[in-house]
Amino acid sequence: MGTTRLDRAQVAEVALRLLNEVGLEALSLRRIAKELNVQAPALYWHFKSKQALLDEMATLMTARLTEEAPAPSPGESWQESLTGVARLLRRGLLAYRDGAKVYSGTRLTSTGHARRQEEFLRKLVDSGFTPSAAARAFSIVFTFTLGFVTEEQAVHPMPGERAPGYDVEERRAALAADHPLAAQVSADLFGDYEARFEEGLAAVVAGVGATLR
């Protein structure tokens, strides 16, 4: 590949693959260049900083999510549309080590996501939201999902993998004598993320309906 002309999407594709192997902290333009068999300056031509690379990675992740997201169906409620988007986003973030950290605070480099965004906003507007309230509703659900997955991936960097320091029984044993309530809720804080996500999402969507619609 040393003689192949690189493009931004190609670099982002390799970066996402390496992300699962090394994590966000160890991911660097130099490491990606080595994987592509090119010199690091070849990548700096496209990305002036690591943040610029993260922007492109998030854009590629968004493109994949957009391809998977079905358009809102006429028969579904606005609540179903919002929860469906949140579930899809969570699955997409969990597909990558540190996926939520990569996504957080990035600026998308294309408008490819706008068509689906328009369809979901239209669903909320047709259901009684103002355009501004619809945007805030999506922002609230998006922020909840992103924050939840960030915490989830701190405990489980990849499915089936548990980070050191988050063993529930060890935490209980360490806290039981002096902090019995904190020990008691260890499983609630660091276990059953699927059920906790659904519970939190239901609370958020209900709050959106009560305050923004």
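Residues numbered from 1 in each chain as written. Predicted model: local features only at pLDDT ≥ 70, side-chain atom pairs only at ≥ 80, totals over all residues. Heavy atoms only, no water.

A. Molecular detail of the overall build of the protein. Of the regular secondary structure elements, the protein holds 12 helices and zero strands. Ordered by position in the sequence, the α and β elements of the protein form the string α-α-α-α-α-α-α-α-α-α-α-α. Residue burial in the protein is summarised as follows: out of 213 residues, 41% are buried. Looking at the protein alone, contacts between residues at least 24 apart form 72% of all its contacts between residues at least 6 apart. Carbon together with sulfur atoms contributes 54% to the accessible area of the protein, which is approximately 11,900 Å² in total. (Helix = DSSP H or I, 4+ residues; strand = E, 2+ residues; numbered from the N terminus. Buried < 20%, exposed > 50% of the residue type's maximum accessible area, 1.4 Å probe, protein only. Contact = heavy atoms within 4.5 Å. Areas by Shrake-Rupley, 256 points an atom, 1.4 Å probe, with all protein chains shown as cover.)

B. How the structure looks around the nonpolar core. One finds Ile32, Leu43 and Met57 to be the most contacted residues of the largest nonpolar core, which totals 36 residues. Listing elements by their share of this core, those giving two or more residues are helix H1 (8-26), helix H2 (29-36), helix H3 (40-44), helix H4 (50-68), helix H5 (78-94), helix H6 (99-103) and helix H8 (131-155). Excluding its chain neighbours within four sequence positions, the residues that come into contact with Leu43 are Leu6, Val11, Leu29, Ile32, Ala33, Leu36 and Val38. The next biggest cluster of nonpolar side chains, apart from the first, holds 22 residues, and it includes Leu124, Phe138, Val141 and Val204. (Core = buried A, V, L, I, M, F, W, Y, C linked by side-chain atoms within 4.5 Å.)

C. Fine view of the UniProt feature "DNA-binding region" (unreviewed entry) in the protein. UniProt marks residues 28-47 with the feature "DNA-binding region" (unreviewed entry), using the numbering shown here. Across residues 28-47 one finds 65% helix and 0% strand; the C-alpha atoms that close the span lie 11 Å apart. (UniProt positions renumbered as here; feature names shortened; annotations may be inferred.)

D. View of the pattern of salt bridges. One pass over the structure, following the stated rule, counts 11 salt bridges. Arg90 serves as the salt-bridge partner of Glu152, at 2.9 Å between the closest nitrogen and oxygen. A residue pair is termed long-range when its members are at least 10 positions apart, and Glu152 in helix H8 and Arg90 in helix H5 qualify at 62 residues. For the pair Glu152 and Arg90, a shared accessibility class is recorded, and that class is buried. Put simply, Arg172 and Glu169 hold a salt bridge, and the shortest N to O gap is 2.8 Å. On the criterion of helical spacing, the pair formed by Arg172 and Glu169 is a turn pair, its members being three residues apart in helix H9 (residues 168-175). Look at Glu169 and you get exposed, because its relative accessible area is 51%. (Salt bridge = Lys/Arg side-chain N within 4 Å of Asp/Glu carboxyl O.)

E. Quick look at the packing of aromatic side chains. Within this structure, the stated rule accounts for eight aromatic pairs. Between Trp78 and Phe129, the ring centres sit 5.0 Å apart and the planes meet at 75°, which makes this aromatic pair edge-to-face. Linking Trp78 in helix H5 with Phe129 in the loop between helix H7 (114-126) and H8, this pair joins segments that are 51 residues apart in sequence. With respect to class, Trp78 is no different from Phe129; both count as buried. Consider the rings of Phe144 and Phe197, whose centres lie 5.7 Å apart with planes at 20°: the pair is stacked. Here Phe197 lies in helix H12 (residues 193-211) and Phe144 lies in helix H8, a separation of 53 residues in the sequence. In textbook terms, an aromatic cluster arises when at least three aromatic residues are bridged by ring pairs, as seen for Phe144, Phe148, Tyr193 and Phe197. A cation over an aromatic ring shows up here: Arg196 above the ring of Tyr193, its NZ or CZ 4.7 Å from the ring centre. (Phe/Tyr/Trp six-rings, centres within 6.5 Å; stacked < 30°, edge-to-face > 60°. Lys NZ or Arg CZ within 6 Å of the ring centre and 35° of its normal.)

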